[in-house]
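A closer look at the structure
Each chain, written out:
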Amino acid sequence: MRFETRAIHAGQEPDPLTGAVVPPVHFSTTFAQDAVGEHKGYEYARSGNPTRSALETCLAALEGAAHGLAFSSGLAASDCLLRQLTAGDHVLLSDDAYGGTYRLVAKVLAPTGITFSTVDLTDLKAVRQAWQDTTRLVWIETPTNPTLRIVDIAAIAEEAHRRGALCVVDNTFATPYLQQPIALGADVVVHSSTKYLGGHSDVVGGFLALNDDELSERLGFLQNAAGAVPGPLDCYLVLRGVKTLAVRMDRQCANAMEIAEYLDTHAAVSQVMYPGLATHPGHALADHQMWGFGGMVSFITAGGEPAALKVAASTRLFTLAESLGAVESLIEHPARMTHASVEGSPLAVDPGLIRLSVGIENISDLLEDLEAALATVA
Ligand code: P1T
């Protein structure tokens, strides 16, 4: 089955009992046993639930992975994976990553004795220099959040494997529709399904996809033992969301491209970051590694932070809010919002930077909205 078909059918056969085309949402927290230990595959809903199984099967199929594990948030998924490390292990983290991922590594893991370095993963020479004998895991985001740099997944995966480390890719921005990290050599894919997978700003969730049986077993143990699992309604909302992922993403890519081209010519904008622009340093790599350039566009205002704050507060259709990836367009100021937790760190972002999550509205309305907001600082 091709991607769009898998998104609708994988893990979602009509219900054998009733014929319901949409698999029922199972709210039961516990499952009857015929005799002690004799059950139909489910015992207690933290350990497993049929709606979660459907989601895990579907998302694993979309990532081309043998195993999938769903969590209550993207950070819960990241936490489960990073807890495979022990004191003395070293993590190589992108120097442009979601602020919450950095905070998890720097403020939660580092005090337990895990060490880390941040590095520009687009620079292979710098990556080799930053590598340590104890490096067990390299954490890629591509496109990066918020400056939309493109990292060569195959090259970093090869480097990681040569040195016996795990290559992890946070695929939240691209989604499996635009980029398949496992096929490019990554070991584990991480998602905040809160974003494009859910797609409607109404559910928080996370996901891990991987092929390795033994690691999957260990992650499954921790998923149950630590218990950061999603509820059945959350699983259902993500399952419903992914059915339209391909069509939403097509429109978001098209809208984002037009917006990037428009901003690129605007006098109030000093730099546009969008991998679809031929001038973007990662354009050729993105063209090779992805099937589209995504729905996120970042730009730096010529007037610095005061102009950025003014523009962010002046749009009417683009809602000023954190998060991304849903049908409605959002605007935000990373330095004071999504990436405030990296202030003073190597991940600190330009205070003139604005990030757009481009939705599926009519492009003329979106362009008019940006035109009016930018006119306030022109
Ligand atoms: O919010 P949560 O579902 O826990 O996911 C965390 C996360 C992980 N990875 C990436 C690339 C992310 O962008 C996020 C969350 N990001 C935002 C809320 C944001 O506005 O950037």
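Everything numeric in this text was worked out from a predicted model, so none of it was measured.

**Details of the pattern of salt bridges**
Scanning the model with the defined rule gives 12 salt bridges in all. For Asp89, the salt bridge goes to Arg136, with nearest N and O atoms at 2.6 Å. Of this pair, Asp89 sits in the loop between helix H3 (74–82) and strand S2 (90–94) while Arg136 sits in strand S4 (residues 135–141), and the two are 47 residues apart along the sequence. You can call Asp89 buried: its relative accessible area is 9%. Arg128 is the partner of Glu159 in a salt bridge, and the nearest nitrogen-oxygen pair spans 3.2 Å. In this pair, Glu159 is assigned in helix H6 (residues 153–162) and Arg128 in helix H5 (residues 124–130), connecting sequence segments 31 residues apart.

**Some points on unusual backbone geometry**
The general pattern is negative phi for most residues beyond glycine and trans for most peptide bonds. The linkage connecting Thr142 with the following residue, Pro143, adopts the cis geometry, with an omega of -10°. If you trace the backbone, Pro143 turns up in the loop between S4 and H6. Going from Asn145 to Pro146, the amide bond is cis rather than trans, its omega being 15°. Its identity as a non-glycine residue notwithstanding, Leu148 has a phi of 60°, on the positive side.

**Re the nonpolar core**
Counting 61 residues, the largest nonpolar core has Ile259, Leu263, Val297, Phe299 and Leu356 as the members making the most contacts within it. It is helix H10 (residues 245–264) that provides the largest number of residues to this core, a total of 9 residues. Mapping this core onto the domain boundaries places at least three of its residues in each of domain 1 (3–242) and domain 2 (245–375). If we ignore the near neighbours within four places in the chain, the residues touching Leu356 are Ile259, Leu263, Gly295, Met296, Val297, Phe299, Phe318, Leu330, Ile331 and Leu370. One finds Val105, Val190, Leu208 and Val342 within the second-largest nonpolar core, a separate group that totals 29 residues.

**Examining the site of the ligand**
Taken together, 18 residues sit near the ligand, with Asp170, Ser192, Thr194, Ser323 and Arg355 positioned nearest. In this structure, an oxygen atom belonging to the ligand sits 2.9 Å away from a main-chain N or O atom of Leu75. Of the residues in the shell around the ligand, the class split is 4 nonpolar, 9 polar and 5 charged. In terms of domain composition, the shell around the ligand takes at least three residues from each of domain 1 (3–242) and domain 2 (245–375).

About the thresholds
- Residues numbered from 1 in each chain as written.
- Predicted model: local features only at pLDDT ≥ 70, side-chain atom pairs only at ≥ 80, totals over all residues.
- Heavy atoms only, no water.
- Salt bridge = Lys/Arg side-chain N within 4 Å of Asp/Glu carboxyl O.
- Helix = DSSP H or I, 4+ residues; strand = E, 2+ residues; numbered from the N terminus.
- Buried < 20%, exposed > 50% of the residue type's maximum accessible area, 1.4 Å probe, protein only.
- Core = buried A, V, L, I, M, F, W, Y, C linked by side-chain atoms within 4.5 Å.
- Domains from an automatic or database assignment.
- Contact = heavy atoms within 4.5 Å.
- Near = heavy atom within 4 Å.
- Polar contact = N/O pair within 3.5 Å; in protein donor to acceptor, adjacent residues only side chain to side chain.
- Nonpolar A, V, L, I, M, F, W, Y, C, P; charged D, E, K, R; others polar.

In short, shape yes, function no, at least from these values alone.
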